[in-house]
Amino acid sequence: MERISVLRMGTLLLITIQVDMHDKLAMQLQDDVTQRISEWGSTGVLIDISSLEIVDSFIGRMLANIAAMSRVLGAETVVVGMQPAVAITLVELGMSLPGVRTALSVEAGMELLFGSAAATNSGSSDERTQA
Amino acid sequence: MSVLKREVLPLKTSNDVVLARQKVRQWAVELRFSLVDQTKLVTAASELARNALDHGKGGSMTIEVVNVAAKSGLRLIFEDQGPGIPDIELALKDGFTSGSGMGLGLGGSKRLVNEFSIETEVGKGTKVTVARWR
């Protein structure tokens, strides 16, 4: 069965969605990401949607679900590269992707993820010094 | 109103929804819709095709190039023989869902097109017609 690959880069998971996904493929991706986070202990998930020509409510919901499930498993999600026409359409459709962090490019997304990982680390070391 | 071109596509599997999206994109490009207009129409088609599949138990999409007075555009007709919609006003409200979606399908796609009409009969099925002018 066709699948969207989930790549591991250090503590991050990288996903590039390049195909026009049918709904089952989107559901499969949701399962795969959560599986990989728990297997590899990933702390960040970067999803590149720059090749996606549309994001409808189903794909939007999948992105929101992945972000929410990842957060519960201790990983932050950033969605990067949304095309301007897709952003305009999504908002008009009524979805502003609440709870999903976004960035314009892969680089900016990485910065967000590494930034939040650094903040978490320094936060926990502070707690240790206090204790 | 004259119909210059027409094609009917089945909506029986989730892959048919992908094919329906691609067909709408192709025709919108041929009619030289702007990128934003293409995206809006394809997204509306995706929502309505999924509705016909998930709630209407499958059906069909008719795609037409239409001409009215001086304007041309695309008209899409989604038909299913599903259970129908008992309360259309409620179904058009954002956030209302009878399935697993976000409840943006009908109301959301209405905002993405220029014309929107819905005919439904409980127990018989639903027909949604949308159009976007170039």
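Conventions we followed
Residues numbered from 1 in each chain as written. Chains lettered and ligands numbered in written order. Predicted model: local features only at pLDDT ≥ 70, side-chain atom pairs only at ≥ 80, totals over all residues. Heavy atoms only, no water. Salt bridge = Lys/Arg side-chain N within 4 Å of Asp/Glu carboxyl O. Helix = DSSP H or I, 4+ residues; strand = E, 2+ residues; numbered from the N terminus. Buried < 20%, exposed > 50% of the residue type's maximum accessible area, 1.4 Å probe, protein only. Contact = heavy atoms within 4.5 Å. Polar contact = N/O pair within 3.5 Å; in protein donor to acceptor, adjacent residues only side chain to side chain. Nonpolar A, V, L, I, M, F, W, Y, C, P; charged D, E, K, R; others polar. Phe/Tyr/Trp six-rings, centres within 6.5 Å; stacked < 30°, edge-to-face > 60°. Lys NZ or Arg CZ within 6 Å of the ring centre and 35° of its normal. 1 Å grid on protein atoms, 1.4 Å probe; cavity = no way out; pocket = protein on both sides within 12 Å on 5 of 7 lines; lining within 4 Å. Points joined across faces, edges and corners; volume = space filled by probe spheres on them. Core = buried A, V, L, I, M, F, W, Y, C linked by side-chain atoms within 4.5 Å. Pairing = 2+ DSSP bridges. Axes fitted to C-alpha atoms, helices over the stretch in contact; angles between N-to-C directions.

Caption draft 1: Focus on the pattern of salt bridges. For the structure on display, the rule yields 16 salt bridges over all chains. The partner of arginine 25 of chain B in a salt bridge is glutamate 53 of chain A, with the nearest N and O atoms 3.7 Å apart. Taken together, the residues span two chains, with arginine 25 of chain B in helix H1 (residues 14-30) and glutamate 53 of chain A in the loop between strand S3 (44-48) and helix H2 (57-72). We classify glutamate 53 of chain A as partly exposed; its relative accessible area is 46%. Arginine 50 of chain B serves as the salt-bridge partner of aspartate 56 of chain A, at 2.9 Å between the closest nitrogen and oxygen.

Caption draft 2: Representation of the interface of chain B and chain A. Taken together, the contact pairs 23 residues of chain B with 20 residues of chain A. Counting across the chain B and chain A interface gives six salt bridges. Summed over the shared surface of chain B and chain A, the result is 10 residue pairs in polar contact (both at pLDDT 80 or more). For the side of chain B that touches chain A, the elements supplying multiple residues, two or more each, are H1, helix H2 (35-54) and helix H4 (105-111) of chain B. Top element by residues in the side of chain B that touches chain A is H2 of chain B. It accounts for nine residues. Across the side of chain B that touches chain A, the residue classes break down as seven nonpolar, 10 polar and six charged.

Caption draft 3: Here's a closer look at the packing of aromatic side chains. For the structure shown, the criterion picks out zero aromatic pairs over all chains. Over the ring of tryptophan 27 of chain B we find lysine 5 of chain B, and its NZ or CZ is 4.2 Å from the ring centre.

Caption draft 4: Region of the structure containing the layout of surface pockets. All names here are of chain A. Taken as a whole, the second largest pocket spans an internal volume of roughly 210 Å³. If you trace the second largest pocket, you find it lined by Thr11, Thr43, Arg71, Gly74, Ala75, Glu76, Leu113, Ser116, Ala117, Thr120 and Asn121. Broken down by element, the lining of the second largest pocket gets its largest block of residues, five residues, from helix H4 (residues 106-130). Residue composition of the lining of the second largest pocket, by class: three nonpolar, six polar and two charged.

Caption draft 5: Spatial organisation of the nonpolar core. Formed by 35 residues in total, the largest nonpolar core has its most connected members in Met61, Leu74, Leu76 and Leu106 of chain B. Of all the elements in the fold, those that place two or more residues in this core are strand S1 (2-11), H1, H2, strand S2 (59-68), strand S3 (71-80), helix H3 (88-92), strand S4 (115-121) and strand S5 (125-133) of chain B. Among the elements that line this core, the one with the most residues is H2 of chain B, at eight residues. By size, the runner-up hydrophobic cluster in this structure holds 29 residues, among which are Ile17, Leu29, Ile47 and Met62 of chain A.

Caption draft 6: Representation of the sheet that holds S3 of chain B within the structure. All names here are of chain B. Pairing in this open sheet of five strands is antiparallel, and the strands run S1-S2-S3-S5-S4 from one edge to the other. Pairing within the sheet leaves two strands with one partner each, and these edge strands are S1 and S4. With direction set aside, neighbouring strand axes in the sheet form an average angle of 15°. In terms of strand pairing, S3 meets S5 through eight bridges, oriented antiparallel. Note that in S5 the partner of phenylalanine 78 across the bridge is valine 128. Lying on the sheet, H2 is in contact with S1, S2, S3 and S5; it crosses S3 at an angle near 15°.

Caption draft 7: Main features of the sheet that holds strand S1 (residues 6-9) of chain A. Residue and element names in this part refer to chain A. Taken in spatial order, the five strands of this open sheet run S1-S2-S3-S4-S5, and their pairing is mixed. Edge strands, defined here as strands with exactly one partner in the open sheet, are S1 and strand S5 (101-103). Put simply, the sheet's adjacent strands are angled 25° from each other on average, direction ignored. In terms of strand pairing, S3 meets strand S4 (residues 76-80) through five bridges, oriented parallel. From the neighbouring strand, valine 45 faces S4, where its bridge partner is threonine 77.

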